[in-house]
Amino acid sequence: MRAALSTLKFLEAGSLSHAFKIMKTHPGIMPTAGCTDIYVSLNFGTLKVREFLNLWGLSELRKIQMKGDYLSIGSLATYTQIIHSDSVKKWIPMLIQASSSIGGMQIQNRGTLGGNIGNGSPAGDTLPVLAAAEAVVVLGSTEGIRRISFNMFYTGYRKNAMNPEELILSVEIPRIKSQQWYRKVGTRAAQAISKIVMAAVLSKDPEEQQDPRRIRIAFGSLAPTVIRAFRTETALAENGNITEAQKTLLSEIQPIDDIRSTALYRQTVAANLLAEWWGKVSPRSLIKS
Amino acid sequence: MTLKINEPKAKESTMAKAVQWIGAPLDRADGELKTTGKARYAADFPLERMVYGVPIVSPAASGSLIKLEVEAAEKLPGVLFILTHENAKKIFPIQNDFGTATKLAEGRFPLQDKKIYYAGQYVGLAAAETLEIAQEAARLIKVICKEERSALDSEEELPYSYFPDNNWGTPLPVIRGNFEKAFSNTEVQLKAVYTTPVEHHNPMEPHACTAVWDGDNLILYESTQWVVGARNVVADALGLPREKVRIISHFVGGGFGCKGFVWPHTLLAAMTAMHLKRPVKVVLSRSQMAAGVGHRPATHQELSIGSSKQGKLTAIKHHTITQTSFLDDFLEAAGGPTQSIYSCPNLLVSYQVVRLNHGTPTFMRAPGECTGLFALESLLDELSYTLNLDPIELRLNNLSDKSPEEELPWSNSHIKECYELGSKIFGWKERNPKPKTMKRKGFLVGLGMATAMFPGVRSPGAAKVKILSDGTAEVLSATQDLGTGTYTTMKQIAAEVLRISPHRIVSKLGDSSYPPAPVSGGSMTSASVGPAVKSAAEKAIEALIHISIKDSSSCLYHLPLEKIHAADGKLVYQDDPSKTEIFEEILKRNNLSHIEGESFVKPDNSAEGYTVQSHGAQFAEVEVHPLLGQIRVTRMVGVFDVGRILNQKTARSQAIGGMIMGIGMALHEKTVYDPRTGRVVTDNLCDYLIPVMADSPAVEADFIDKPDPRFNSLGVRGLGEIGITGVAAATANAVYHATGIRIRDLPITPDKLLKWL
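Residues numbered from 1 in each chain as written. Chains lettered and ligands numbered in written order. Predicted model: local features only at pLDDT ≥ 70, side-chain atom pairs only at ≥ 80, totals over all residues. Heavy atoms only, no water.

## As for the pairing of strand β26 (residues 570–573) of chain B
Residue and element names in this part refer to chain B.
- Note: strand β25 (residues 564–567) against β26, four bridges, orientation antiparallel. What sits directly across from A567, in β26, is K570.
- Hairpin connection between β25 and β26: a loop of two residues separates the two successive antiparallel strands, and D568 in this loop has a positive phi of roughly 55°. (Pairing = 2+ DSSP bridges. Helix = DSSP H or I, 4+ residues; strand = E, 2+ residues; numbered from the N terminus.)

## Let's talk about the domain arrangement of chain A
- Along its sequence, chain A is organised into domain 1 (5–54), domain 2 (59–174) and domain 3 (178–282).
- Between domain 1 of chain A and domain 3 of chain A, the C-alpha centre-to-centre distance is 35 Å. (Domains from an automatic or database assignment.)

## Notes on the sheet that holds strand β5 (residues 70–74) of chain A
Residues and elements named next belong to chain A.
- One open sheet accounts for five strands, arranged β4-β5-β10-β6-β7; its pairing is antiparallel. Across the chains shown, the open sheet's two edge strands, defined by having one partner strand only, are β4 (64–67) and β7 (144–149). Pairs of neighbouring strands in the sheet enclose a mean axial angle of 25°, with direction left out of account.
- Strand direction decides the pairing type here: β4 and β5, joined by four bridges, are antiparallel. By the bridge assignment for β5, Q65 is matched with S72. (Axes fitted to C-alpha atoms, helices over the stretch in contact; angles between N-to-C directions.)

## Description of the sheet that holds strand β31 (residues 698–703) of chain B
Residues and elements named next belong to chain B.
- What the five strands build is an open sheet, ordered β20-β21-β29-β30-β31; its pairing is mixed. With partners counted over all chains shown, the strands left at the sheet margins are β20 (438–440) and β31, one partner each. The average angle at which neighbouring strand axes cross in this sheet is 25°, direction not considered.
- Pairing of strand β21 (residues 443–455) with strand β29 (residues 613–624), which is carried by 12 bridges, proceeds in the antiparallel orientation. Looking across to β29, one finds that A452 is bridged to G616.
- Set on the sheet, helix α16 (residues 648–668) makes contact with β29, β30 (631–641) and β31; between it and β31 the angle comes to about 130°. (Contact = heavy atoms within 4.5 Å.)

Next comes the structure, spelled out in structure tokens:
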């Protein structure tokens, strides 16, 4: 049964430092921005939290800006903002693809990148992009600011490495001298929760050819959290043999059967997507003899 | 904001030298109201002292209710009343019969006993000052049940199934010739099993009811496909004279069958309003829409088909195993099309029904026709490959001038023209008949077709037409516009008779106090109410002529009435067209505010000795991704023979809507129940997929548009359902053509294709 909104407490943060204080003094409070996930769980009656902190007014968390050699995207940047950002378009176009595939326009106007990270759904559409981009999540609290690698952020199904009083402030995306690739597979053509999502980058920069991180592959909807397919990346980097890489991939994912897909489909399509991507991007020069 | 209203384009008829309004592609009369938010649906009436009701539902799928723990809810400020089986009004038994317009959707009244038949069944209602308080109260109430073993699995329950002996009076099984003998002797034999899942209607507007008592009169603002049926059921059940109950349903945000009959929440609203003596509004949540307001039951269809090598059908067997609840004997009659399209001398159509602890199924757009045609038209496609025959040729081989079922000539049938025109528009000739041969931009491309059909149905219907002294006119009928265009088409019929512009006519529908009309189901509104509007308009004109020839001040005084007719808002004397009088002058001079004609039209016997049936040809093109198995319908064409078209625009919209709903059936829709609890898992529009715009391809709908005068005075047959009927099969056949993989289980999801690709 739907939770009655009048039974909920909704606190307003006047400033970032005020927000930090509220987070410290109200244990269990849930920070909110676009509320696109929270409303759904409230409607289903599955959300136990009754106290919320509204961050929506904190415009300093909405900025998208270049900061030296990385792009900083504020946690409150909406998908619509990201889709229309020239900096994002230049720096990480696959994030635009991912943002465009989320919900409809109304959801894109309200949903935020920080919300997608905080919600931590294994099917979160932007998360494989952040994993493949080796983004850094910037967290803040009354204790100060700290940074954590996105690939270390999730610790289990909808669990993360944040302290209870911390807020997500921004995401920092280092320069990617690589070709970027993003695919979302859903049962219908739009407004679908994914059956599988893949993001991948492959550097063609001659200077990076010895760098083992030149191939980076991430998947959503294949495991309890978004995952980087590290062993598959190594396998491809070492000999470029796609058949072996596909086998490796199948050993490092744990898809399940659910109402959106079968595990078998997810396994097969993960391997097919890997092959499709590799077929398009792999230059012979990359393959060690 | 200003709205641009398109000027109607109408045909000039040379014979009558008058405008033909019937058929003109007029914009919807209710379009502006809907796009500007002025149209009021059942939950949109802001009444003073409104009470909000939220149903309390059973978590268990079977057993009995021990008690409701209501104390915490009752303490909540703003809670007014908790309706339970202990304080519910006693409901009077009713006839529960379609023929007498007293049909209940669920054959049991709410809160009259403690028995539980399905998860989500109403066990009470929380009424409060605000919706939120009512929701919170419903959430706080603990429903304590004694659970019994639930029947939740069709296969497990099969031993306890029953074999229905009739379908709406037609004896079952349907037997022609000797199937077994003919099948064993036939040259080509094919057998296959096709399955379709439970589907939910999920109209955008949920079921809603606002109940208002005014003394001992009850008004219900109700989202319904049948105001008259709702009026009768509610009045009889509450023990009220029918004239004391009024159902208003001016607009319906989609029904597709689930709003055909009265569901229990309507009675809960009325009972609560009676107790509190205040207006009560009950709107079902999307989750409640999945539990107790009907669904299309699943089918398991076993088909055997025998044919000569030349493709002449010799024997068909169609056995359907389907489901119903423990409360009603609903039958999804999937064998209907098998017995009524193609001529085949040996036929056996039978059913087996399993009872489950689910809510009662109900009619869902083309019930039986679209599930049955998926199976039949898929198997015919399989046969076409076995015989190496073009699928259209195979179908043409098996058509007859007489209906296979009744062995009577068709009242009017243009099925061959449907195939011809459809294949021309679609470009069927470009198809390489060999599967897996057509490709485009890395996708496998497939082209498929199927026959569409729906029987011609009509019922008695009544209407009143008023000519007002300001020169305008009104059409009144207790039919309802489900979003299909009835407001517009009924005006057009009246305009053609009254010879005035439809923009001077207002349709007033959706009110049980108007002349009675049947359920808007079975695609019968146009064929049932349309002739009544025509006849009522004729009577109104006749009455006006009578006044004018008796009026000594009129230039038509004492002229022979058979030589006076209506033209361009006037009465005109045929032999001297200078003798005319405009409608309003006659009325004003005689101090009349209006003049009216009312007509109750019953199906006459002009169609006796004929079978009335609509047909169509449907074509689909799909693209299949070879690595992902994703399927997109890229093009669809449907050509339908549905008699005369009342409005080219609304007809086309309705056919397109049906075809897009067919894409949902083919590729997306499936209701999933939790096998442990019997609750619906896909009880929301995130998990229950229907096509979005990105899934909706270029769709072309066309009509043969030839009247069927034997069926009724307008020659119209109705088209609400036929659009969906052939889509699932045409799509499945296209998927086979693209991939060489035959999927016999709907929906055709990428998961089912991938293991073969």
